[in-house]
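# Structural description and commentary
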Amino acid sequence: AQSVTQPDIHITVSEGASLELRCNYSYGATPYLFWYVQSPGQGLQLLLKYFSGDTLVQGIKGFEAEFKRSQSSFNLRKPSVHWSDAAEYFCAVGADSWGKLQFGAGTQVVVTP
Amino acid sequence: NAGVTQTPKFQVLKTGQSMTLQCAQDMNHNSMYWYRQDPGMGLRLIYYSASEGTTDKGEVPNGYNVSRLNKREFSLRLESAAPSQTSVYFCASSENVGTELFFGSGTQLSVL
């Protein structure tokens, strides 16, 4: 069965510092991989996705993620964090072409001045 | 651009009461989903509808029923609410090709 692990429940980062959120997955084949962001009181918004091809994926809001097959990882990065990046971030894995996803437990990001 | 619209936004129920959560999308998507979100557990799929006229169980279907009323609307019903169903519920939709999910803003449900 597929699974997604986000090892960090909570991360605090200073504004302007870099951010990396970890995601590890377990799946037999190459899955579809996603990062979503949830701002307080809001639904989830897609940051970026990986289906195939270039393993470094660019997303919205200055985020990028790198797919590493050998490590079964899909870590999310941002070079310089803004206060508006404070939110909860979810990694998700999809095996089906029409989008039934398995979500990780989420990582809460707090941005300090 | 309404996207995915859920109603109500908040609801408090007593144990044993019933209610229906409504969801509608205006993006002409074929697939629709209901997830619940609980602290430390991420989102878990309750039911989904791959296309109009079909519904299937997800990871946590017990205690819920769904209806795909038409292509736009997908409702979730709690027949006899239990405290374990206290959660935030999200409806989502996607095209049948490609897997990007578009989410509604959620329904916060408390069962006392």
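Quick look at the structure, then. (Residues numbered from 1 in each chain as written. Chains lettered and ligands numbered in written order. Predicted model: local features only at pLDDT ≥ 70, side-chain atom pairs only at ≥ 80, totals over all residues. Heavy atoms only, no water.)

## Focus on the overall build of chain A
As a reminder of what qualifies: Each helix is a run of DSSP H or I of at least 4 residues and each strand a run of E of at least 2, with the numbering of both proceeding from the N terminus. Atoms counted for the radius of gyration: C-alpha only. Globule rule: 2.2 Å times the number of residues to the power 0.38. Each residue is placed in one exposure class: buried if its accessible area under a 1.4 Å probe, protein chains only, is under 20% of its type's maximum, exposed if it is over 50%, and partly exposed if it falls in between. Should any heavy atoms of two residues lie within 4.5 Å, those residues are considered in contact. Accessible surface is estimated by sampling points in the Shrake-Rupley manner with a 1.4 Å probe; for residues, cover comes only from the protein chains shown.
Broken down by element type, chain A carries 0 helices and 12 strands. Along its sequence from the N terminus, chain A presents helices and strands in the succession β-β-β-β-β-β-β-β-β-β-β-β. The C-alpha radius of gyration computed for chain A amounts to 13 Å, which stays within 12% of the reference 13 Å derived for 113 residues, consistent with globular compactness. Seen along its three principal axes, the alpha-carbon backbone of chain A occupies a region of about 40 × 30 × 20 Å. A burial count over chain A gives 43% of its 113 residues as buried. Sequence separation of at least 24 residues holds for 54% of the intrachain contacts in chain A that already meet a minimum separation of 6. For chain A, the computed accessible surface area is about 5300 Å², with 48% contributed by carbon and sulfur atoms.

## A word on the pairing of strand β1 (residues 4–7) of chain B
The two faces of a sheet get side chains in turn, since along a regular strand they alternate between them. All names here are of chain B. Put simply, the rule is: Paired strands are those between which DSSP finds at least two bridges.
Where burial is concerned, the two faces of β1 differ: the one with Val4 and Gln6 is buried and the one with Thr5 and Thr7 is not. With 4 bridges connecting them, β1 and strand β3 (residues 19–25) associate as antiparallel partners. Within β3, the residue paired with valine 4 across the bridge is glutamine 25.

## What about the nonpolar core?
Put simply, the rule reads: Among the buried residues, those of types Ala, Val, Leu, Ile, Met, Phe, Trp, Tyr and Cys that are joined through side-chain atoms within 4.5 Å form a nonpolar core.
Grouped together as the largest cluster of nonpolar side chains are 26 residues, with contacts concentrated most on Trp35, Leu48, Leu76 and Tyr89 of chain A. Elements represented by at least two residues in this core include exactly β2 (10–14), β3 (19–21), β5 (32–38), β6 (44–50), β8 (64–68), β9 (73–78), β10 (87–94) and β12 (107–112) of chain A. Tallying contributions element by element places β10 of chain A first for this core, with 4 residues. Val4, Leu21, Cys23 and Leu78 of chain B belong to the second largest nonpolar core, which has 20 residues in total.

## With respect to the pairing of β10 of chain A
Residues and elements named next belong to chain A. Among the 8 residues in β10, 7 count as buried, and that is most of the element. Summarising the sheet, β5 and β10 pair through 7 bridges and their orientation is antiparallel. Across the sheet, tryptophan 35 pairs through a bridge with cysteine 91, a residue of β10. Of the strand pairs in this sheet, β10 and β12 are connected by 3 bridges, and their pairing is antiparallel. Counterpart to alanine 87 in the pairing with β12 is valine 109.

## A closer look at unusual backbone geometry
For the peptide bond that leads from threonine 7 of chain B to proline 8 of chain B, omega is -5°, which places it in the cis range. Along the polypeptide, proline 8 of chain B turns up in the loop between β1 and β2 (10–13). Unusually for a residue other than glycine, lysine 61 of chain A sits at a positive phi of about 60°. For lysine 61 of chain A, a relative accessible area of 44% gives the class partly exposed. Positioned with a positive phi, serine 72 of chain A is a non-glycine residue whose angle comes to about 50°. Counting through the fold element by element, serine 72 of chain A comes out in the loop between β8 and β9. A relative accessible area of 26% places serine 72 of chain A in the partly exposed class.

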